[in-house]
Amino acid sequence: MSEVPDNLSYTSEHEWLSLGDDGNAKVGITDHAQDALSDVVFVELPEVGSSFSKGDSMAVAESVKAASDIYAPVSGKIVSVNTKLEESPELINESPYDFGWMVTIEPTGELEDLLDSDSYRELIA
Amino acid sequence: MSSRRTPLFSNHRDLGAKIVDFAGWEMPIQYTSILSEHKSVREGAGIFDVSHMGQIFVKGPETIEFLSYVTTWDMRRQKKGDCRYCHILDENGCIIDDTIVYTISEDNYMLIPNASKISKVFDWLLKNSGDFEISLNNLSDEFFCLALQGPDSPRLLGQHLNTSVGSFQLVKIGDTIISGTGYTGEKGCEIIGPLSEVTNHWESLVEMGAIPVGLGARDTLRLEKGYLLSGQDFDGNQTTLETGYSWVIDWNHDFIGKEALMEFKKKRYPRLRGIVIEDRGIVRPGNSVFNNGNKISSLTSGSLSPTLRKGIGLAYLDLDIGTPITVEVRGNHLNGRVVRMPFL
């Protein structure tokens, strides 16, 4: 059974999002997503300062067998990226909601179409 | 075509395997993780259900002459109990499939074609059997094949069946054949026998500590050793010479495709070469290969090497060992180099 923390927001593309006090959104992939992907062996992260529209592919997580696009859950500008993932992509498997975070985004658009933990649990049930 | 399952399907599912379609079969791609399964074969012992692979039996007084004619190897050189890796070619010298030929006895041989090529190989053998005094029997639906691979596998085989087998040798226990063969480059064996016995073999070996390994790690294990994947590294359009496997050809006998190969040998041709990526990143089959800024080829195989922790791949290239190349992945060019194979 995948872990789905109550305090996060989710997308149907299996990303999680956590809004900080500064208004920036921290983004990663869910426990369910990392399990489906299996061993993450390479992560391609966006450049800090680059902008994405909601739904754009902003990063790639690769397992031995497949490459998976990670989509921007909200329009905005990349404020920081988790550079630890370059050397240790397995953090996404080991700690998807904590050490395995991928980017923080300064939202320029509305936070919408996000799922709460109950709805996300239903989606992956 | 509906998917087929081996008798171990429920075992795989109970072990938590992720199941994929492979050549029309629902097969486990991984049980826990490709990286850990890969490692268990390199360092311990892994067990693979490869019952989707074929078993074609050739019997009769002219079996040796027939198999020498339809493969690149002269079977007169085989002794009872020998296994031989070779290619089955068409008249143009192009590979129909690669196979291991088992000499069970002088007039009883077995071939192991790849799952996707069983009927193609069988039809080809039948078509070319002509006046040879032989009989052909496709028993692929009646036999299982388990591969026990890794440095610890001789010990497990001894514990399980109280036997041992040399590299590219076979022993027969009743209707079951144990051969010192595999697709991982490690010590190990393949056990081939009647389907009804597969569950017993599988469960005993897993109980003894063999780690179930799926097709995902099977692919990374074979790629690190530079072994060809049928349908991918050759697809009916390449000769044995281009694959770099000319050692499977015994030129001192007549076989289908020989004349074409003799002609082919006279010209310059690209060969399947290994490439190692020096930049961070993973290459995949189909990625374009560039030299001096020009696209020159595409990868037939590509993956992360779990052992080297680098991207590795295969491509048909007319380049020397050491030549720098780049591989295009999602618009980025990753730097790499042509290397000598195997990768490890």
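Relevant structure appears above.
None of these values were measured; they are calculated from a predicted model.

What counts as what
- Residues numbered from 1 in each chain as written.
- Chains lettered and ligands numbered in written order.
- Predicted model: local features only at pLDDT ≥ 70, side-chain atom pairs only at ≥ 80, totals over all residues.
- Pairing = 2+ DSSP bridges.
- Helix = DSSP H or I, 4+ residues; strand = E, 2+ residues; numbered from the N terminus.
- Core = buried A, V, L, I, M, F, W, Y, C linked by C-beta atoms within 7 Å.
- Buried ≥ 20, exposed ≤ 12 C-beta atoms within 10 Å, placed from the backbone.
- Domains from an automatic or database assignment.
- Contact = placed C-beta atoms within 7 Å.

**A few points about the pairing of strand E18 (residues 324-329) of chain B**
All names here are of chain B.
Then step 1. Bridging between strand E15 (residues 288-291) and E18 involves three bridges; their strand directions are antiparallel. Its bridge partner being in E18, Ser-288 is matched across the sheet by Glu-328.
Then step 2. With antiparallel pairing between neighbouring strands as the criterion, E18 and strand E19 (residues 332-339) make up a hairpin whose turn holds two residues, including Arg-330 at a positive phi of roughly 50°.

**Observations regarding the nonpolar core**
Then step 1. Of all hydrophobic cores here, the largest spans 106 residues; its most connected members are Ile-47, Leu-146, Leu-148 and Val-327 of chain B.
Then step 2. Counting residues per element, this core draws most heavily on strand E9 (residues 143-149) of chain B, which supplies six residues.
Then step 3. Two domains share this core, each providing at least three of its residues, namely domain 1 (9-53 + 141-224) and domain 2 (56-138) of chain B.
Then step 4. Residues within four places of Ile-47 of chain B in sequence aside, it is in contact with Leu-146, Leu-148, Trp-202, Leu-205, Val-206, Ala-210, Ile-211, Pro-212 and Val-213 of chain B.
Then step 5. Formed by five residues, the second largest nonpolar core is a distinct cluster that contains Val-4, Leu-8, Tyr-10 and Tyr-120 of chain A.

**Quick notes on the sheet that holds strand E1 (residues 9-10) of chain A**
All names here are of chain A.
Then step 1. Spatial strand order, E1-E2-E3-E9-E8-E5: six strands in an open sheet with antiparallel pairing. Unpaired on one side and paired on the other, E1 and strand E5 (51-52) mark the two borders of the sheet.
Then step 2. Bridge count for strand E2 (residues 15-19) against strand E3 (residues 25-29) is five bridges, and the pairing is antiparallel. For Ser-18, the partnering residue across the bridge sits in E3 and is Lys-26.

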